[in-house]
Amino acid sequence: MKTESMITADNLWFTYDGEDIPALQGLSLDIKRGSKTAVMGANGSGKSTFFLCLNGILRPQKGALSFCGAPYSYDKKSLLNLRSRIGIVFQDPDNQLFSASVRQEISFGILNLGADNETALRETEKIMDALDITELKDRPTHALSGGQKKQVAVADILVMHPDIVILDEPAAALDPKHTDMLNKIIDQMTESGITVLISTHDPDYAFSWADQIILFHQGKVLKAGSPLEVFSDRPALNLTNLSQPAVLSIYESLCRKKMINEKFPAPRSLMELLHFIEGI
Ligand SMILES: Nc1ncnc2c1ncn2[C@@H]1O[C@H](COP(=O)(O)OP(=O)(O)OP(=O)(O)O)[C@@H](O)[C@H]1O
């Protein structure tokens, strides 16, 4: 049972300069070590703002954030340490990439953390290989496609071996093959004990992958719980513009028609559902 809190947010409030309505309006949540959390909610509900608060780019005007039980500090040294331990892959990779070549880009972070050249090169090659982007190594980052930039942005973060990885809509701009590859990397991350937070609008992926879903609504948490708890709450889904995962809708329909006994646990993926149906 995972019980150690990795991140605790208590009543966070944040308003952007010049705005009247706060982007975060009393947001509280808890992320356990090693957990897989999908953060979901309508456009503008505060997900990206919360992520920027998590790695200290934004500082909430009110409320408290802690990492591994220690309250956030905003001095330069603490922020550098925080950003090496909490890595964000931004929704728009152009906000993240600035080096002359992919290899330089990926090695920059670990060199900055004090690794020697040989280690940085070895780690950079390892992660490029895992993400299938070695052939891009000499290309300038500005000349990459949107999906390639996303992969380099993921490599940028993973190469630093962070404790937490936050992926803001990771599959946006990726083709099915590279979405698949990224999903495998995400699985490897969680298997190696990294805590992963993903912002996604994809209920099927969230339902099959996450062990906790957090629904944001107007800058605070509307509902947090297991995928089944959250995706069974239709009013909460309606408020946050989300649909039910297809597999859950089919399962509920089969239960209503008494074709599946409700005492079987709900399947998390279409493959699991197929096994159920084949066993009827
Ligand atoms: N740089 C900014 N300046 C002013 N307002 C901003 C800025 N960034 C976001 N906002 C506002 O803050 C609120 C929360 O936005 P945020 O980007 O955190 O939402 P989100 O849930 O990540 O949305 P999406 O699903 O569209 O990515 C929105 O009302 C948005 O317009």
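Residues numbered from 1 in each chain as written. Predicted model: local features only at pLDDT ≥ 70, side-chain atom pairs only at ≥ 80, totals over all residues. Heavy atoms only, no water.

A. Local environment of the overall build of the protein chain. The number of helices and strands found in the protein chain is eleven helices and ten strands. Compactness check: the protein chain gives a C-alpha radius of gyration of 20 Å against a globular reference of 19 Å for 280 residues, within 12% of the reference. Its C-alpha atoms put the protein chain at 65 × 45 × 35 Å along the principal axes. Per-residue burial over the protein chain gives 48% buried out of 280 residues. Residue pairs at least 24 apart in sequence account for 61% of intrachain contacts in the protein chain once pairs closer than 6 positions are excluded. Carbon and sulfur atoms form 52% of the exposed surface of the protein chain, whose accessible area is close to 14100 Å². With 28 positive and 35 negative side-chain charges, the protein chain shows a separation of 4 Å between the mean positions of the two kinds. (Helix = DSSP H or I, 4+ residues; strand = E, 2+ residues; numbered from the N terminus. Rg over C-alpha atoms; globule rule 2.2 N^0.38 Å. Buried < 20%, exposed > 50% of the residue type's maximum accessible area, 1.4 Å probe, protein only. Contact = heavy atoms within 4.5 Å. Areas by Shrake-Rupley, 256 points an atom, 1.4 Å probe, with all protein chains shown as cover. Lys, Arg positive; Asp, Glu negative; His and termini not counted. Charge placed at Lys NZ, Arg CZ, Asp CG, Glu CD.)

B. Up close: the site of the ligand. Residues in close proximity to the ligand total 14 residues, the closest being Asn43, Gly44, Lys47, Ser48 and Thr49. Within the contact set of the ligand, an oxygen atom lies 3.3 Å away from a side-chain nitrogen or oxygen of His201. (Near = heavy atom within 4 Å. Polar contact = N/O pair within 3.5 Å; in protein donor to acceptor, adjacent residues only side chain to side chain.)

C. Quick peek at the sheet that holds strand β3 (residues 36–41). The strand order β6-β7-β8-β3-β9-β10 describes an open sheet built from six strands, whose pairing is mixed. The open sheet is flanked by β6 (86–89) and β10 (220–225), the only strands paired with a single partner. Sheet twist, expressed as the mean angle between neighbouring strand axes with direction ignored, is 20°. Direction of pairing for strand β9 (residues 212–217) relative to β10: antiparallel, over a ladder of five bridges. Paired with Phe216 across the bridge in β10 is Val221. Strands β3, β7 (164–168) and β8 (195–199) of the sheet are contacted by helix α6 (residues 176–191), whose axis makes an angle of about 145° with β8. (Pairing = 2+ DSSP bridges. Axes fitted to C-alpha atoms, helices over the stretch in contact; angles between N-to-C directions.)

D. Structural context of helix α5 (residues 146–158). Between the first and last C-alpha of α5 there are 19 Å, a value that for 13 residues agrees with the 18 Å anticipated at 1.5 Å per step. α5 sits mainly inside the fold: eleven of its 13 residues count as buried. Against the buried residues of α5 lie β6, α3 (102–112), α4 (117–130), β7 and α6. (Expected span 1.5 Å × (residues − 1).)

E. Local environment of the environment of Ser35. Among the structural elements, Ser35 can be located in the loop between β2 (24–32) and β3. Assessed through its relative accessible area of 5%, Ser35 is described here as buried. Considered as a pair, Ser35 and Met6 are 29 residues apart in the sequence and their alpha carbons are 9.2 Å apart. Within the structure, Ser35 has its side chain in polar contact with the backbone oxygen of Lys32 (distance 2.6 Å).

F. View of the packing of aromatic side chains. Enumeration according to the criterion identifies six aromatic pairs in this entry. With centroids separated by 4.9 Å and ring planes inclined at 85°, the aromatic side chains of Phe14 and Tyr16 adopt a geometry described as edge-to-face. Relative accessible area serves as the criterion here: at 7%, Phe14 is assigned to the buried category. Their ring planes at 10° and their centres at 5.9 Å tell us that Tyr205 and Trp209 sit as a pair that is stacked. Residue Tyr205 and its partner Trp209 are located together in helix α7 (residues 203–209), separated by four residues, close to a single helical turn. Across the pair, Trp209 and Tyr205 agree in class, each one buried. (Phe/Tyr/Trp six-rings, centres within 6.5 Å; stacked < 30°, edge-to-face > 60°.)

G. Region of interest: the layout of surface pockets. Reported here for the largest pocket is a volume of approximately 590 Å³. Surrounding the largest pocket, 24 residues form its lining, Arg83, Phe108, Gly109, Ile157 and Met160 being those nearest its centre. Sorting the residues of the lining of the largest pocket by element identifies α2 (76–85), β6, α3 and α5 as the ones contributing at least two each. Its residues assigned to classes, the lining of the largest pocket comprises 13 nonpolar, seven polar and four charged. As a volume, the second largest pocket reaches approximately 320 Å³. Lining the second largest pocket we find 18 residues, and of these Asn183, Asp202, Asp204, Tyr205 and Ser208 sit closest to its centre. (1 Å grid on protein atoms, 1.4 Å probe; cavity = no way out; pocket = protein on both sides within 12 Å on 5 of 7 lines; lining within 4 Å. Points joined across faces, edges and corners; volume = space filled by probe spheres on them. Nonpolar A, V, L, I, M, F, W, Y, C, P; charged D, E, K, R; others polar.)

H. Representation of the UniProt feature "domain: ABC transporter" (unreviewed entry) in the protein chain. Mapped onto this structure's residue numbering, the UniProt feature "domain: ABC transporter" (unreviewed entry) falls at residues 7–243. For the annotated span residues 7–243, helix accounts for 38% and strand for 24% of the residues, and the straight-line distance between the end C-alpha atoms is 28 Å. (UniProt positions renumbered as here; feature names shortened; annotations may be inferred.)

I. Representation of the pairing of β9 within the structure. With respect to burial, β9 is a largely interior element, six of its six residues being buried. Sheet topology note: the β3/β9 ladder contains five bridges and is parallel. Note on β9: the bridge partner recorded for Thr37 is Gln212.

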